[in-house]
Amino acid sequence: MAHRIVFLGPPGAGKGTQAARIAKELGVPHLSTGDILRAAVAAKTPLGLRAEGYMAAGALVPDELVLEILHERLEQPDARGGYLLDGFPRNHAQAEELGKFSHVDRVISFEIAPEVVVRRLSERLTCPKCHAVYNLSTNPPKVPGRCDHDGTELVQRPDDRAEAVTTRLKVYAEQTAPLLEYYRKRHLLRTVDAHGSPDEVAARVRRALE
Ligand code: AMP
């Protein structure tokens, strides 16, 4: 199977954690629109300045901004042999656009109970430098508050605070969840139980990609 893969699922389902591992195993780039946007915000680029307010509130960044960065990224040589998309598409219009500029081979849906998501997000810490993700109770860093890979001080994402989480879950239910049916109809969808440890979920994702 060619490796043009999309990970779908609510925030906190573990998409980013799994995408980093699985992309490495498959030798394809892990393309996270959230990571690209956060880097743009940190660097205060024109894109970052436009995206920042939407992100902090937990809303979607306008399609034209996201499509532009995604298009550019997919044209880089490392994405020619495949890619793993994490956080894109997020609505019907984005799915249609993706279909115009790339064929998708498989879509993995991460299925998880809402109360587990809320707990995971409130316990999540991320490395602003390498984007590694930790969880205070299930996957803590070796040295408290520091990234295992580069020692950078870990932060809570502004949109992991309770107010923004509520909006993000609503946006997911209203705009992104309908894509499950969109891809099911196209016979591309496989679902994965996203509860359990990162190792357990990774094993299920590998099976779903066979
Ligand atoms: P994520 O890291 O995937 O949870 O994304 C964090 C935030 O970045 C989202 O809440 C949105 O504000 C923005 N974002 C990421 N990907 C997209 C996308 N495909 N379309 C619109 N906004 C996005």
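Please refer to the structure higher up on the page.
Residue numbers here run from 1 along each chain, matching the order of that chain's written sequence. Note on the predicted model: pLDDT of at least 70 is required for a residue's local features to be given, and 80 or more for side-chain atom pairs to be given and counted; whole-chain, interface and lining totals, by contrast, use all residues. No hydrogens and no water enter the side-chain calculation; it runs on all heavy atoms of the structure.

Asks: What's the story with the sheet that holds strand β1 (residues 3–8) in this structure? I'm lost.
Replies: Sheet strands pair by backbone hydrogen bonding; their relative direction is either parallel or antiparallel. Strand order in the open sheet made by the five strands is β2-β3-β1-β4-β7, with parallel pairing throughout. One side of each edge strand has no neighbouring strand; the edge strands of this open sheet are β2 (30–32) and β7 (189–193). Across the sheet, the mean angle from the axis of one strand to that of its neighbour is 25°, orientation sign disregarded. Relative to β2, helix α2 (residues 33–42) is tilted by about 60°, and along the sheet it contacts β2 and β3 (82–86). The pairing criterion is simple: DSSP has to find at least two bridges between the two strands. Think of it this way: any DSSP run of H or I at least four residues long counts as a helix, any run of E at least two long counts as a strand, and we number them from the N terminus. All axes here are fitted lines through C-alpha atoms, helices being fitted over the stretch that makes contact, and every angle between N-to-C directions spans 0 to 180 degrees. Contact definition: two residues touch when any of their heavy atoms are within 4.5 Å.

Asks: Looking at this model, I keep getting lost on the pairing of strand β4 (residues 106–111). Mind explaining?
Replies: Each regular strand displays side chains that alternate between the two surfaces of the sheet. Accessibility here uses a 1.4 Å probe with only protein chains present; expressed as a share of the type maximum, an area under 20% marks a residue as buried, one over 50% as exposed, and anything in between as partly exposed. With five of six residues buried, β4 is to be regarded as a mostly interior element. Summarising the sheet, β1 and β4 pair through four bridges and their orientation is parallel. Bridged to Val6 within β4 is Val107. Relative to β7, β4 is paired through five bridges, and the arrangement is parallel. Opposite Phe110, over in β7, you have Val192 as the bridge partner.

Asks: Help me understand the pattern of salt bridges, please; the structure alone is not making it clear to me.
Replies: Pairing is possible between side chains of opposite charge, provided their charged atoms come close. Throughout this description, the term salt bridge denotes a Lys or Arg side-chain nitrogen within 4 Å of a carboxyl oxygen of Asp or Glu. Taken as a whole and assessed by the stated rule, the structure comprises 14 salt bridges. Salt-bridge contacts for Glu25 lead to Arg206; the nearest nitrogen and oxygen are separated by 2.8 Å. Taken together, the residues Glu25 in helix α1 (residues 15–26) and Arg206 in helix α9 (residues 198–209) connect sequence positions 181 residues apart. For Glu25, a relative accessible area of 44% puts it in the partly exposed group. Note that Arg73 and Asp78 form a salt bridge whose closest N and O atoms lie 2.8 Å from each other.

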